[in-house]
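Residues per chain are reported as follows:
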Amino acid sequence: MASTEPEHEHREDEEAHANEDEDTGAQVAPIVKLEEVAVSTGEENEDPILDLKSKLYRFDKDGNQWKERGAGTVKLLKHKESGKVRLVMRQSKTLKICANHLVLPTMSVQEHAGNEKSCVWHATDFADGELKEELFCIRFASIENCKSFMEKFQEVAESQKKTEENKDASAAAGLLEKLSVEEKKTEDKAEEEVPVAAEKETKSDLEKTEKKDEEPASST
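- Under an unreviewed UniProt entry, the protein chain has the name RanBD1 domain-containing protein and belongs to Carya illinoinensis.

1. A look at the pattern of salt bridges
Thought 1: This model, assessed by the stated rule, comprises eight salt bridges.
Thought 2: In this structure, Glu46 engages Arg86 in a salt bridge whose closest nitrogen and oxygen atoms are separated by 2.8 Å. Note that Glu46 is positioned in strand β1 (residues 46–60) and Arg86 in strand β3 (residues 85–91), a separation of 40 residues in sequence.
Thought 3: A relative accessible area of 17% places Arg86 in the buried class.
Thought 4: Ionic pairing is found between Lys132 and Asp128, a salt bridge with its closest N-O pair at 3.3 Å.

2. Here's the deal with the layout of surface pockets
Where empty space is left can be seen by rolling a probe of water-molecule size over the atoms.
Thought 1: Estimated volume of the largest pocket: approximately 170 Å³.
Thought 2: As for the largest pocket, its lining consists of Arg58, Phe59, Asp60, Lys61, Asp62, His122, Lys132, Glu133, Glu134 and Leu135.
Thought 3: For the lining of the largest pocket, the secondary-structure elements that each account for two or more residues are β1 and β7 (132–139).
Thought 4: Tallying contributions element by element places β7 first for the lining of the largest pocket, with four residues.
Thought 5: For the lining of the largest pocket, the class distribution of residues is two nonpolar, one polar and seven charged.

3. Describing unusual backbone geometry
Most of the time, phi is negative for any residue but glycine, and the peptide bond is trans.
Thought 1: One non-glycine residue, Asn64, lies in the positive phi region at around 55°.
Thought 2: A positive phi angle is found at Leu95, which is not glycine, with a value near 65°.
Thought 3: Assignment of secondary structure puts Leu95 in the loop between β3 and β4 (97–102).
Thought 4: Leu95 sits in the exposed class, given a relative accessible area of 53%.

The rules behind the values
Residues numbered from 1 in each chain as written. Predicted model: local features only at pLDDT ≥ 70, side-chain atom pairs only at ≥ 80, totals over all residues. Heavy atoms only, no water. Salt bridge = Lys/Arg side-chain N within 4 Å of Asp/Glu carboxyl O. Helix = DSSP H or I, 4+ residues; strand = E, 2+ residues; numbered from the N terminus. Buried < 20%, exposed > 50% of the residue type's maximum accessible area, 1.4 Å probe, protein only. 1 Å grid on protein atoms, 1.4 Å probe; cavity = no way out; pocket = protein on both sides within 12 Å on 5 of 7 lines; lining within 4 Å. Points joined across faces, edges and corners; volume = space filled by probe spheres on them. Nonpolar A, V, L, I, M, F, W, Y, C, P; charged D, E, K, R; others polar.

Next comes the structure, spelled out in structure tokens:
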């Protein structure tokens, strides 16, 4: 005779599922009410001009080896007012900052020897809360992404160089204008002083003449 145990167990499973799905109508109020909090990323006043997934490494001088900083998204962010551009990278899961530094006119990025998907550059980084001289290496999923990063990095560095040159030229022009104004003031002051001195001399000569006329003529 065939066993009826599997059918019995099947019925018990169905009853158990039915009990689980049954709505009791009970309402449980939350113990703590959480309010929505606005989170600031520090990037609100910046526009992204590059955004690529990558993996970042830094060179450990003490160990003489590359150490992974994290995998995530590298961004080039341009400030809306100052026009300065900084490189920021965060780890994808923890959002911890891996790199955070300005792209300066003196910087250059180069392809990493033996790997067309990687490139290296030097920077004064602030990711750890203090300025550190770092040698970074970044690796992308494709050669195209690596080239895009290098081209944009160099483009930004060149644009910052032109910005600095324009600022220097403006500062020099302002200084020359100031000197010109000061020189003009000096010349105007000198011109004002000359007539006064001439007037004093004329008056002095006149007084001498009058005094001489008043002296009695000597008898012979």
